[in-house]
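Residue-level listing of the chains:
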Amino acid sequence: MPPSSKVEKTGTRDVVLAVDQLSVRIDSQDVVNDVSFSIQQGQCVGLVGESGSGKTMTALAIMGLLPLGASAAGSVQLEGNELLALKNSALRAVRGRRIAMVFQEPLAALNPVQTIGTQIAEMYRLHERCSTRIARRQAVDALAEVQIPDPERRARTYPHELSGGMRQRAMLAMALACRPSLLIADEPTTALDVTVQAQILDLVRRLARERDMAILFITHNLAVVSELADSVVVMYAGRTVELAPATALFDAPLHPYTAALLTTVPRIGHRRARLPSLPPSGLHEHTATGCAFASRCPLAASACSQAVPGLEPQANDRHCACFHPLGDGTHGLDAAPAVRRPRQVDA
């Protein structure tokens, strides 16, 4: 997807986020390599993979929040505007207003010495330049919109006084305060029990539908992705290995890694599978010659250790990075049940 000076369109939908050949380097090592995808208005894209696959680094690069020593290259366009070229002052004006992020652990992300209402009100004061009184009123309204009971009282509480589910709702209220075009949710339900998790997902779905908002949902939980995402980007060792519409990916994965991930989803009547061996554990393994998944792949051949497979287009808007892609739903994993899209949210 080439850079553009205006919002791109696919069909009748605007492309809100266009990531093109994004790479992230830390201490001269690539931790994200040539990642490309786009998100249309009202669409949810799931970004999945094991821990260390580069999901969060991709999100932080989009937000302009990379840690010290890290740098990003490529293109990240939000509504046609190149984010990687913006200075910090310009990025601060975009973050919170046009693009927002919900983090995995709200207790660490929220300020422990400020009330919930004060922290949400700050979004309105900074981005809408309203008075303190109006900002506080809007903060209470934002808490009510994410279905927090007695929002007037909750606005006066501190983060440690709320349950995990309430804190995540407060984070969501803060992220959505200025009605951003794009919401990035980084493992927002990981620390929650299954009932609260389902409530948060229902809330995200409703707000996204009402606001026609684009969502990048980052998780390792494929059952959650099956409930929420329209399309899925699968990452492994810093690279995209498969990109496909959600229904097609769950019904017939092309990449052996995707198929292996799907076998780990709990299903009634089947023993839960485990992935063979461990994922790459260091930066050097992300940049090693050949396919990073080769040592764990049941289909690995000599070509897999000699070159990194590119993300090649397949039929039906799908892409796969494998020298020996699967076909017709065949997963190639011994003693694994047929892969089918899960219907229940996994705890």
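Keep in mind it's a predicted model, so treat the numbers as computed, not measured.

**Side note on the packing of helix 4 (residues 116-128) against helix 5 (residues 132-145)**
1) Next: It is at 8 Å that the axes of helix 4 and helix 5 come closest, and there the two elements cross at 120 degrees. In terms of orientation, helix 4 lies oblique with respect to helix 5. By crossing handedness, the relation of helix 4 to helix 5 is classed as right-handed. Contacts between helix 4 and helix 5 involve I116, G117, I120, A121, Y124, R125 and E128 from the first element and T132, A135, R136, Q138, A139, A142 and L143 from the second.

**Observations concerning the packing of helix 4 against helix 7 (residues 164-175)**
Describing two packed helices takes the angle between their axes plus the distance from one axis to the other.
1) Next: Between helix 4 and helix 7, whose axes approach to 9 Å, the crossing angle comes to 20 degrees. What the angle tells us is that helix 4 and helix 7 run roughly parallel. Viewed along their axes, helix 4 and helix 7 form a crossing whose handedness is right-handed. Of the residues in helix 7, those touching helix 4 at I116, Q119, I120 and M123 are A170, A173 and M174.

**Quick word on helix 4**
1) Next: Taking 1.5 Å per residue, 13 residues should reach 18 Å; helix 4 reaches 18 Å between its end C-alpha atoms and fits that length.
2) Next: Listing the buried residues of helix 4 in full gives I116, G117, Q119, I120, A121, M123, Y124 and H127.
3) Next: Taken together, the buried residues of helix 4 touch helix 2 (88-94), helix 5, helix 6 (151-154) and helix 7.

**Describing the side chain of S181**
1) Next: Secondary-structure assignment places S181 in the loop between helix 7 and strand 8 (182-186).
2) Next: For S181, the side chain forms a polar contact with the side chain of R98, separated by 2.2 Å.

**Things to note about the sheet that holds strand 10 (residues 231-236)**
1) Next: With mixed pairing, the eight strands of this open sheet are ordered in space as 7-8-9-4-10-11-13-12. Two strands in the sheet have a free side with no partner beyond their single neighbour: strand 7 (99-102) and strand 12 (312-313).
2) Next: Sheet topology note: the strand 10/strand 11 (residues 239-245) ladder contains six bridges and is antiparallel. Paired with V233 across the strands is L243, a residue of strand 11.

**Let's talk about the packing of aromatic side chains**
1) Next: Applying the stated criterion across every chain, the model contains three aromatic pairs.
2) Next: Both rings, one in Y236 and one in F293, keep their centres 5.2 Å apart while their planes meet at 80 degrees; by these two values the pair is edge-to-face. One end of the pair, Y236, is in strand 10; the other, F293, is in the loop between helix 12 (283-286) and strand 12, and 57 residues separate them in sequence. A single burial state applies to Y236 and to F293, both of which are buried.

The rules behind each value
- Residues numbered from 1 in each chain as written.
- Predicted model: local features only at pLDDT ≥ 70, side-chain atom pairs only at ≥ 80, totals over all residues.
- Heavy atoms only, no water.
- Axes fitted to C-alpha atoms, helices over the stretch in contact; angles between N-to-C directions.
- Helix = DSSP H or I, 4+ residues; strand = E, 2+ residues; numbered from the N terminus.
- Parallel < 35°, antiparallel > 145°, perpendicular 65-115°, else oblique.
- Left-handed = near helix turned anticlockwise from the far one by under 90°.
- Contact = heavy atoms within 4.5 Å.
- Expected span 1.5 Å × (residues − 1).
- Buried < 20%, exposed > 50% of the residue type's maximum accessible area, 1.4 Å probe, protein only.
- Polar contact = N/O pair within 3.5 Å; in protein donor to acceptor, adjacent residues only side chain to side chain.
- Pairing = 2+ DSSP bridges.
- Phe/Tyr/Trp six-rings, centres within 6.5 Å; stacked < 30°, edge-to-face > 60°.

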